[in-house]
Amino acid sequence: MVIVHEYPLVMVEHHGFQKFVVGLQPLFKIPSRNTLKNDILKIYDFKKEKTMRLLEKNRSKIAITIDMWTSSNQKKGFMSITSHLIDDNWEMQSRIMRFIYVPCPHTAEVLADVLYESLCDWNIDRKISTVTVDNCSTNDLMIHLLLDKLSLNSLILGGELFHIGDGIERIRDNVYFWSATQKRIEKFEEVARHLTIDCSKKLSLDCKTCWNLTYLMFSVAIVYKDVFKRLKQREAQYRSLPTDRDWELASSICGKLQLFYKVTLMFSGSKYPTANVFFPSICEIRIALSKWSEDRDEVIKAMGERMLVKFDKYWSVIHGVMGVAVVLDPRYKFKMMEYVFPKIYGFEKSDVEIVKLKVLVSRLFQDYETCNYESSRNRDIDSSRNTSDMEVQVEGFFFNDYVTFIEDDNHTGITI
């Protein structure tokens, strides 16, 4: 009853409880709380041995879940470690292995040591499949430290499927660590020189919302990949080293983000480009994001999908106005739209979007025609009205006839 309902051990010494038990059975001898404690520990040892036999006999890998809990009255921290496995009867089995007090401070090092000791104590440190923890930066570092203690050969595919956090964030954290103080920067450059790596390029931390800056951060960090590895052996405080998979991902993402960097340079040039100049590059980015969202790599695919949502938020608003500027450029006209819109919208929807753009161009021209007519009329209502009216009508007839000619000839270009 004490175990099931989690009653305090001292309950057996309460006068009310003793009176209650005597009323049920006067001959029953109530054990002391120390005796009760010993009995509970014996039950625990028996259950532990039984569970260890189950884990040892089981041929499948074991999943671990971890949760930190703080008592409300004493403000003490406890770690709960639970194992999950599929037994030989294909039934799910879960066992709480440890509920252990963890003294402060609850740093990644302390948590990793407690967890590793528990895994070894239960003899399952070589049978781990996954470790699930809360989404916390301390837990991310704790798992990194745990991986250093575990044998990678014992993990599934040598730990290839052991995903921890985000590789991008891990590299970003490393760049931040080694560029935080002048002393660290000097130590970083010293190791780079020892490895005969040109250290003229400085580590630069990106802004998470600026893709071009992320490209610069990766392009420099990749050059110093071996420097990070060497520093891991020399610096005790440096623990979160990017994995080989992180560097492969960074290299792939860097190649893709180079496009954003190139377009950003175009935008920030001394001669500010007009919409007809940078619209093709904007379309190139949109097409690239569509390809990324279908990438085989799940990380790049997820990144492409998130970026595409943000891009389309602005694209849906400005692509029409920018498209008009391209149409008015004699180098592109509607031929540019015929090329990029099928890649962006697909062939069926691209025809609809091109028609919308034609309507927009026509409406803008008609608005210009009306404003030009009203302006001329106000300047000279007597002598200039007929002349102005005639000129606009000629341009209007030319525009409409040319559009009809292009459509009849199965073209979609407009010559201004």
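Residues numbered from 1 in each chain as written. Predicted model: local features only at pLDDT ≥ 70, side-chain atom pairs only at ≥ 80, totals over all residues. Heavy atoms only, no water.

A. View of the sheet that holds strand S3 (residues 92-101). An order of S3-S2-S1-S4 is seen for the four strands of this open sheet, with the pairing classed as mixed. This sheet does not close on itself; its edge strands, each paired only once, are S3 and strand S4 (128-132). Averaged over all pairs of adjacent strands, the angle between strand axes in this sheet comes to 20°, irrespective of strand direction. Note: strand S2 (residues 77-86) against S3, nine bridges, orientation antiparallel. When the bridges of S3 are listed, histidine 84 appears paired with serine 94. Where helix H3 (residues 33-57) meets the sheet, it contacts strand S1 (62-70), S2 and S3, and its direction lies at approximately 130° from that of S3. (Pairing = 2+ DSSP bridges. Helix = DSSP H or I, 4+ residues; strand = E, 2+ residues; numbered from the N terminus. Axes fitted to C-alpha atoms, helices over the stretch in contact; angles between N-to-C directions. Contact = heavy atoms within 4.5 Å.)

B. Looking closely at the layout of surface pockets. Its volume calculated, the largest pocket comes out at about 1,400 Å³. Secondary-structure elements contributing two or more residues to the lining of the largest pocket are helix H1 (2-5), H3 and S3. Counting residues per element, the lining of the largest pocket draws most heavily on H3, at ten residues. Residues belonging to the lining of the largest pocket are distributed by class as follows: 18 nonpolar, four polar and eight charged. (1 Å grid on protein atoms, 1.4 Å probe; cavity = no way out; pocket = protein on both sides within 12 Å on 5 of 7 lines; lining within 4 Å. Points joined across faces, edges and corners; volume = space filled by probe spheres on them. Nonpolar A, V, L, I, M, F, W, Y, C, P; charged D, E, K, R; others polar.)

C. Fine view of the packing of aromatic side chains. Taken as a whole and judged by the stated rule, the model has nine aromatic pairs. Consider the rings of phenylalanine 78 and phenylalanine 99, whose centres lie 5.4 Å apart with planes at 10°: the pair is stacked. Note that phenylalanine 78 is positioned in strand S2 and phenylalanine 99 in strand S3, a separation of 21 residues in sequence. Judged by its relative accessible area of 16%, phenylalanine 78 is buried. Relative to phenylalanine 228, the ring of phenylalanine 188 has its centre 5.2 Å away and its plane inclined at 65°; by these criteria the two rings are edge-to-face. Placement of phenylalanine 188 in helix H7 (residues 182-194) and of phenylalanine 228 in helix H9 (residues 225-234) is noted, with a sequence separation of 40 residues between them. In terms of burial, phenylalanine 188 and phenylalanine 228 fall into one category: buried. Each member of the aromatic cluster is reached from another via a ring pair, and the members are Phe177, Trp178, Phe188, Tyr224, Phe228 and Trp247. Lying across the ring of phenylalanine 177, arginine 184 places its NZ or CZ 3.8 Å from the centre. Residue placement shows lysine 358 over the ring face of phenylalanine 334; its charged tip is 5.9 Å from the ring centre. (Phe/Tyr/Trp six-rings, centres within 6.5 Å; stacked < 30°, edge-to-face > 60°. Buried < 20%, exposed > 50% of the residue type's maximum accessible area, 1.4 Å probe, protein only. Lys NZ or Arg CZ within 6 Å of the ring centre and 35° of its normal.)

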